[in-house]
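Observations on the model geometry
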Amino acid sequence: MAIKRRSVIESIPSINCYMDYDYELYTRDEKVSCCQRYRCCLIAVTTLLLLLVLAFIVIFVVPPVTFMLSIGVQRYVIFLATYGNESGGFTNFKEIGLEGLRNLYVPVDHNVTLGVWHVLPLEYTYEAVTSASYNYDDALADGKYPVLLYLHDSGENRITSKNKYMILRRFFHVIAFDYRSYGDSTDAELSEGGLVHDSANLYRWTRTHTGNDAYVWGHGLGSSIAAKTVAQLRNESIVPKGLFLESAFTNLEELLTVNSYMKIFSWTPWFKPTFLDSLRENEFLFKTDEYILSVDCPIMIVHAEDNHLIPYTQSEKLVRIGNKKRVNEVQGNITFHLFPKNDHYGHNDIYLAPQLPEYIRSHIDTCNEYNKGKG
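A brief structural summary.

What counts as what
Residues numbered from 1 in each chain as written. Predicted model: local features only at pLDDT ≥ 70, side-chain atom pairs only at ≥ 80, totals over all residues. Heavy atoms only, no water. Helix = DSSP H or I, 4+ residues; strand = E, 2+ residues; numbered from the N terminus. Buried < 20%, exposed > 50% of the residue type's maximum accessible area, 1.4 Å probe, protein only. Contact = heavy atoms within 4.5 Å. Salt bridge = Lys/Arg side-chain N within 4 Å of Asp/Glu carboxyl O. Phe/Tyr/Trp six-rings, centres within 6.5 Å; stacked < 30°, edge-to-face > 60°. Polar contact = N/O pair within 3.5 Å; in protein donor to acceptor, adjacent residues only side chain to side chain.

Our focus in this paragraph is the side chain of Asp198. With respect to the element layout, Asp198 can be found in helix α7 (residues 192-210). Looking at Asp198, the relative accessible area reads 1%, which means it is buried. Contact partners of Asp198, with chain neighbours within four places excluded, come to Val108, Val112, Leu114 and Arg180.

So this is what it looks like as structure tokens:
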């Protein structure tokens, strides 16, 4: 007969009871711990997703929608109007670091007056500095040096390019001015049409004071304003001697699609309706590629390969469009100078290029030949 053996522990009921209770307690605690860990993970993941969605909305949705709905924001982004300067004025030339110039305020509309500098040619500087009675009007009208109307970029005023004027004054009387709402010019509504209107009227002012047509130079946004100004003057049979475009672009819409800062938004499906369409609706066009087709004088374009604000390919495309659609034999040719990236001129420092004076002189000669032939 087989005898069923039991362990010593199994033979003690009280110990078995305690073991079963501890096991059940351990199992229940383990389940509670697992549930808590799962709940914590779920909360963490949900919070992270919500934060990512919120960050996406703040970065990729709010700015485009704000831009679309606010013409004020659009104006700010495009024009970056700068009002004063760290020296506290536009007439303290010693503090600014220039000499041989005068400050003027020229009315260009019944309610708009522009702050203007007349920077003398280098040859006249010594006499102007040493003579308290120097006559700037006579110097401007003597005809020995042509006049250059200089249109600055957005985010600048007429002080910003003071070092560039040192190059330009070798060849010209430089008329540098601030657009409406820039510098110490009248605070007025900023629009492409308004800036072109003011620039054209200031060009007429220089023409009245010299009896001759002038050259026009535009930098960045100023290049598009300059091109449209020259194109608009053509409707009045007023044709400048020549046009210089520095760091130019084809049109504002296309520039936004290639600008390094706007690439953060350009991949989104709402980029076109929020940015591009809203600019078109408010007539912020700046279609340089169209304006140059109505320019009847030689054009010189300069650009740097390492310009990260306006890629040099924009100027290259502008040249291709101009050569294809303009009648260069009748309207004057387009000359393009591209500075290699190793020179590090970027968007603002092409004036440092040692070959720039030679390019300017060559373009002046080209314009003189063109105007002589036209005459």
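On we go.
Right, let's get into the pattern of salt bridges. In the structure shown here, the tally under the stated rule is 17 salt bridges. Linking Arg234 and Asp296 is a salt bridge whose minimum nitrogen-to-oxygen distance equals 2.9 Å. Remark: Asp296 occurs in the loop between α12 (288-291) and β7 (299-304) and Arg234 occurs in helix α8 (residues 221-234); sequence separation between them is 62 residues. Looking at Arg234, the relative accessible area reads 35%, which means it is partly exposed. Classification of Asp296 as buried rests on a relative accessible area of 19%. Within this structure, Glu253, Lys272, Asp277 and Arg280 form a network of salt bridges that share partners.

It is worth spelling out the environment of Trp205 at this point. Structurally, Trp205 is set in helix α7. For the pair Trp205 and Pro107, spaced 98 residues apart in sequence, the C-alpha separation works out to 9.4 Å. Excluding residues that lie within four positions of it along the chain, Trp205 makes contacts with Leu104, Val106 and Ile175.

Next up on the list: the packing of aromatic side chains. All chains considered together, the criterion is met by 19 aromatic pairs. Ring centres 6.4 Å apart and planes at 80° place the aromatic pair Trp117 and Tyr165 in the edge-to-face group. Taken together, the residues span a long stretch of sequence, with Trp117 in strand β2 (residues 112-119) and Tyr165 in helix α6 (residues 162-168) at a distance of 48 residues. Here Trp117 falls in the buried class, since its relative accessible area comes to 0%. Note on Tyr124 and Tyr145: the rings are 5.5 Å apart at their centroids and 85° apart in plane angle, and the pair reads as edge-to-face. Taken together, the residues span a long stretch of sequence, with Tyr124 in helix α4 (residues 122-130) and Tyr145 in the loop between α5 (136-141) and β3 (147-151) at a distance of 21 residues. Tyr145 gets classed as buried once you look at its relative accessible area, which sits at 16%.

So, about the environment of His303. Along the chain, His303 turns up in strand β7. His303 sits 56 residues away from Ser247 along the chain, and the two C-alpha atoms are 4.9 Å apart. Residues contacting His303, with those up to four places away along its chain left out, are Ser247, Ala248, Ile310, Pro311, Tyr312, Ser315, Phe336, His337, Leu338, Phe339 and Ile350. Polar contacts involving the side chain of His303 include one to the side chain of Asn307, which spans 3.5 Å.

Keep in mind that these numbers describe shape and distance, not what the molecule does.
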